[in-house]
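Tertiary structure, described
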Amino acid sequence: MLQANEVARRFGAIEQAIGQAAQLCGSAQEMPMDLKDCINQLDQQKASVRQAIDAHDDARIRQAVDNMESLGDRAKKACGTAARLTPEMKQAVLKVHDELSDLKHELH
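Here goes a summary of the coordinates provided. All values derive from a computational prediction rather than experimental measurement.

Considering soluble globular proteins, one finds that nonpolar side chains tend to be buried as a cluster. Of all hydrophobic cores here, the largest spans 32 residues; its most connected members are Leu35, Ile39, Leu42 and Met89. Those elements giving two or more residues to this core turn out to be α1 (4-27), α2 (33-54), α3 (58-81) and α4 (87-107). Top element by residues in this core is α3. It accounts for 8 residues.

The subject of this paragraph is α3. Taking 1.5 Å as the rise per residue, α3 with 24 residues should run 34 Å; its terminal C-alpha atoms sit 35 Å apart, in good agreement. Every buried residue of α3 is listed here: Ile61, Ala64, Val65, Asp66, Met68, Glu69, Leu71, Gly72, Ala75, Ala78 and Cys79. Contacts made by the buried residues of α3 are with α1, α2 and α4.

A few words now on α2. Look at α2: 32 Å from first C-alpha to last across 22 residues, which is about the 32 Å you get at 1.5 Å a residue. In α2, a bend of some 30 degrees at Gln45 exceeds every other bend along the element. Along α2, the residues that are buried comprise Leu35, Cys38, Ile39, Leu42, Lys46, Val49, Ala52 and Ile53. As for α2, its buried residues are in contact with α1, α3 and α4. Once α2 finishes, His56 follows within two positions and takes phi at roughly 55 degrees, a positive value.

Moving on to the packing of α1 against α4. Where α1 contacts α4, the axes come no closer than 9 Å and their chain directions differ by 155 degrees. With respect to each other, α1 and α4 are oriented roughly antiparallel. For the crossing formed where α1 meets α4, the hand is left-handed. Residues Val7, Arg10, Phe11, Ile14, Ala17, Ile18, Ala21, Leu24 and Cys25 of α1 form the contact with α4, whose participating residues are Glu88, Met89, Ala92, Lys95, Val96, Glu99, Leu100, Asp102, Leu103, Glu106 and Leu107. Grouping the amino acids of the contact of α1 with α4 by side-chain chemistry returns 14 nonpolar, no polar and 6 charged.

What counts and what doesn't
Residues numbered from 1 in each chain as written. Predicted model: local features only at pLDDT ≥ 70, side-chain atom pairs only at ≥ 80, totals over all residues. Heavy atoms only, no water. Core = buried A, V, L, I, M, F, W, Y, C linked by side-chain atoms within 4.5 Å. Buried < 20%, exposed > 50% of the residue type's maximum accessible area, 1.4 Å probe, protein only. Helix = DSSP H or I, 4+ residues; strand = E, 2+ residues; numbered from the N terminus. Expected span 1.5 Å × (residues − 1). Contact = heavy atoms within 4.5 Å. Bend = angle between axes of the 7 residues up to and from the residue. Axes fitted to C-alpha atoms, helices over the stretch in contact; angles between N-to-C directions. Parallel < 35°, antiparallel > 145°, perpendicular 65-115°, else oblique. Left-handed = near helix turned anticlockwise from the far one by under 90°. Nonpolar A, V, L, I, M, F, W, Y, C, P; charged D, E, K, R; others polar.

What follows is the structure, encoded as structure tokens:
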């Protein structure tokens, strides 16, 4: 298991990546609903991970990151099938996915 301060630091980067994807999602003209839904859910679930980190609850952190990583997988898949996404949006979604996936693997 990573040290608590390392988990908090890494999750801070994930929060920023989700924020960037959410911002791009909000300004996008054409966005698949599944992708928009995934980004919105990721944005909402950030708080539960942050609470688990603050409480130093390793089991809750792992569970919340696992849930978010599944959403990241869905977002990546939706991104791959979307016809008209900007390169910035695709890059933002892939960054969220990759960061969550890396953190998940290091937590297990």
